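This is what each chain is made of:
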Amino acid sequence: MNDHDRDSPRRQDVGDGTRAVRAGLPAPVKNEPTLPGPVFAAHFHLPGDVEGPYTYGRDTNPTWTLLEEAVGELEAPGQDVHTIVFASGMAAVSAVLLSQAQTGDTVVLPDDGYQALPLLRGQLEAYGIRVRTAPTREEAQLDVLDGARLLWIETPSNPGLDVCDVRRLVDAAHAGGTLVAVDNTLATPLGQRPLELGADFSVASGTKGLTGHGDLLLGYVVCGDPELAARVRQWRKIVGAVPGPMEAWLAHRSLATLQLRAQRQWANALAVAEALSGRAEVTGLRYPGLATDPSHKTAARQMRGFGSVVSFTLPDRAHAERFMAALHLVEDATSFGGVRSTAERRGRWGGDAVPEGFIRFSAGAEDTEDLVADVLRALGVAGGGG
Ligand SMILES: *Cc1c(COP(=O)(O)O)cnc(C)c1O
């Protein structure tokens, strides 16, 4: 270990906040900024033989390199991992599934995962890849693993917030030679570290809580195995689903506040969930951080924080729409994980198996009292109570 390594946040014994503010920063260079600005380049000077690291902008970019280093540190502190950033979460999800599975292979997907997964399922099947599905809850995927090339886990699931036991599924999958990928979007690397739970890939949308400002799209794949990672990197080169340097830089800049944002947002989510739990018109309340939640035991074992998303159901569509319209501090918008609270009546998209009155609520970084008061006031208006 050299002097730089000794001070490096890659060490496992620093706290999450310390790691977040320093993640991916290059060694200090006199008169240079702490985080170098975005490098806008389609190509790089390349006299003579083709030698990296920087040749052409679809293959590599110095701004990605720093971001990839940062995300790798957060997802797997102290481990030697390979990180590949993408233009969006779906670019990253597709890159893993389409680069690892071939015609004749079987992959296992959750049937209650992100709403674009069924579209991807159709594409996999069109390529002659067999797809089996099972719900996230109670490790139902254990029963459909046999002979599969890859198991895809989304925990907590979006939008139902079910949680499965990653370690248990990984052990069963690996025993049969099945690779495991975990969608870590909802938890963020501060809330959950899938590679430490044995997964082969941690995959996420950086559009949500990771970057938290609702101003960019990004995705990433983290993988401990160099050969598996090389296939994902090659897929990015083939498809060209690369992030712009500006997005990559904004994302890296946002990571410095990840722990501050996550702590406030997780606390706000818990406070909102607790306030909702006392309301007669609310059913199906889910938040893995609530001690009474069906997912709490498993979540508490494998998660370091329970995320910013709360889901619940109001009596019907009209009630849910009145609630949404009455909120002042919560924007009616999709996505989640941002510093400004958002919520939506999820059924309006038509892609999820949810009741008409189902609300997916994402707690932002507002003052807790203000946010809870706004939610309770809007519930009162929606219920006709003034
Ligand atoms: C949003 C989301 C994605 C897709 O990410 P994009 O950045 O929108 O492409 C994938 N998985 C989950 C769980 C998500 O919430």
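Residues numbered from 1 in each chain as written. Predicted model: local features only at pLDDT ≥ 70, side-chain atom pairs only at ≥ 80, totals over all residues. Heavy atoms only, no water.

Student: Describe the packing of aromatic side chains, with residues and values.
Tutor: Any aromatic ring pair is given by two values, namely how distant the centres are and how the planes are angled relative to each other. Throughout the structure, instances matching the rule amount to two aromatic pairs. Where Phe-312 meets Phe-323, the ring centres are 5.9 Å apart and the plane angle is 80°; that geometry is what we call edge-to-face. Pair noted here: Phe-312 is in strand S9 (residues 309-313) and Phe-323 is in helix H12 (residues 317-326), with a separation of eleven residues, a long-range link. Comparing Phe-312 with Phe-323, the two get one shared label, buried. (Phe/Tyr/Trp six-rings, centres within 6.5 Å; stacked < 30°, edge-to-face > 60°. Helix = DSSP H or I, 4+ residues; strand = E, 2+ residues; numbered from the N terminus. Buried < 20%, exposed > 50% of the residue type's maximum accessible area, 1.4 Å probe, protein only.)

Student: Give me the lowdown on the pattern of salt bridges, citing residues and values where you can.
Tutor: Following the criterion strictly, the structure yields 21 salt bridges and no others. A salt bridge links Arg-317 to Glu-321, with the shortest nitrogen-to-oxygen separation between them at 2.9 Å. Of the two residues, Arg-317 and Glu-321 are both situated in helix H12; the distance of four residues between them amounts to about one turn of the helix. By relative accessible area, Glu-321 is classed as partly exposed at 36%. (Salt bridge = Lys/Arg side-chain N within 4 Å of Asp/Glu carboxyl O.)

Student: Could you give me a rundown of the site of the ligand, with the residues and numbers involved?
Tutor: Taken together, 13 residues sit near the ligand, with Met-90, Asp-183, Ser-205, Thr-207 and Lys-208 positioned nearest. Measuring from an oxygen atom of the ligand, one finds a side-chain N or O atom of Thr-207 at 2.6 Å. Taking Lys-208, its side chain carries an N or O atom lying 2.7 Å from an oxygen atom of the ligand. Out of a free accessible area of 380 Å², the ligand has 94% covered by protein chains. Each residue belonging to the shell around the ligand can be placed in one class, and the counts come to four nonpolar, six polar and three charged. (Near = heavy atom within 4 Å. Polar contact = N/O pair within 3.5 Å; in protein donor to acceptor, adjacent residues only side chain to side chain. Areas by Shrake-Rupley, 256 points an atom, 1.4 Å probe, with all protein chains shown as cover. Nonpolar A, V, L, I, M, F, W, Y, C, P; charged D, E, K, R; others polar.)

Student: For the domain arrangement of the chain, give the residues involved together with the corresponding values.
Tutor: Many structure descriptions define interface size as the accessible area lost when the parts assemble. As far as domains go, the chain holds domain 1 (24-255) and domain 2 (258-382). Here domain 1 and domain 2 have C-alpha centroids that lie 26 Å from each other. Of the residues lining the interface, 32 residues belong to domain 1; the matching set on domain 2 comes to 33 residues. Interface area for domain 1 against domain 2, summed over the two sides, is near 2600 Å², with a carbon-plus-sulfur share of 55%. Linking domain 1 to domain 2 there are two salt bridges. As a salt-bridge pair, Arg-286 and Asp-162 come within 3.1 Å of each other at their nearest N and O atoms. Our enumeration of links across domain 1 and domain 2 arrives at 15 residue pairs in polar contact (both at pLDDT 80 or more). Put simply, the parts of the chain that give the side of domain 1 that touches domain 2 at least two residues each are helix H6 (166-175), helix H7 (188-191) and helix H9 (245-255). For the side of domain 1 that touches domain 2, the leading source of residues is H7, giving three residues. Looking at the side of domain 1 that touches domain 2 residue by residue, the classes come out as 13 nonpolar, 14 polar and five charged. (Domains from an automatic or database assignment. Contact = heavy atoms within 4.5 Å. Buried area = accessible area lost by both parts, 1.4 Å probe.)

Student: Would you mind going over the nonpolar core in detail, with residue names and values included?
Tutor: Core analysis: the largest hydrophobic core is formed by 53 residues, its most contacted members being Leu-276, Val-310, Phe-312, Phe-323, Ile-359 and Phe-361. Within the residue set of this core, elements represented by two or more residues are helix H3 (62-75), strand S7 (219-223), H9, helix H10 (258-277), S9, H12, strand S12 (358-362) and helix H13 (368-382). For this core, the leading source of residues is H10, giving nine residues. For this core, the two domains that each supply at least three residues are domain 1 (24-255) and domain 2 (258-382). Once you skip the residues sitting within four places of it in the chain, Phe-361 turns out to touch Val-272, Ser-308, Val-309, Val-310, Phe-312, Val-330, Thr-342, Ala-343, Leu-371 and Val-375. Core analysis: the second largest hydrophobic core is formed by 29 residues, Ala-91, Val-96, Phe-201 and Ala-241 among them. (Core = buried A, V, L, I, M, F, W, Y, C linked by side-chain atoms within 4.5 Å.)

Student: Outline the packing of helix H4 (residues 89-100) against helix H8 (residues 226-239), supporting the account with residue identities and numerical values.
Tutor: Taken N-terminus to C-terminus, the directions of H4 and H8 make an angle of 115°; their axes are 9 Å apart at the nearest point. As the angle between them shows, H4 and H8 are arranged roughly perpendicular. H4 and H8 meet at a crossing whose hand is right-handed. Two secondary-structure elements touch here, H4 through Ser-94, Ala-95, Val-96, Leu-98, Ser-99 and Gln-100 and H8 through Leu-228, Arg-231, Val-232 and Trp-235. (Axes fitted to C-alpha atoms, helices over the stretch in contact; angles between N-to-C directions. Parallel < 35°, antiparallel > 145°, perpendicular 65-115°, else oblique. Left-handed = near helix turned anticlockwise from the far one by under 90°.)

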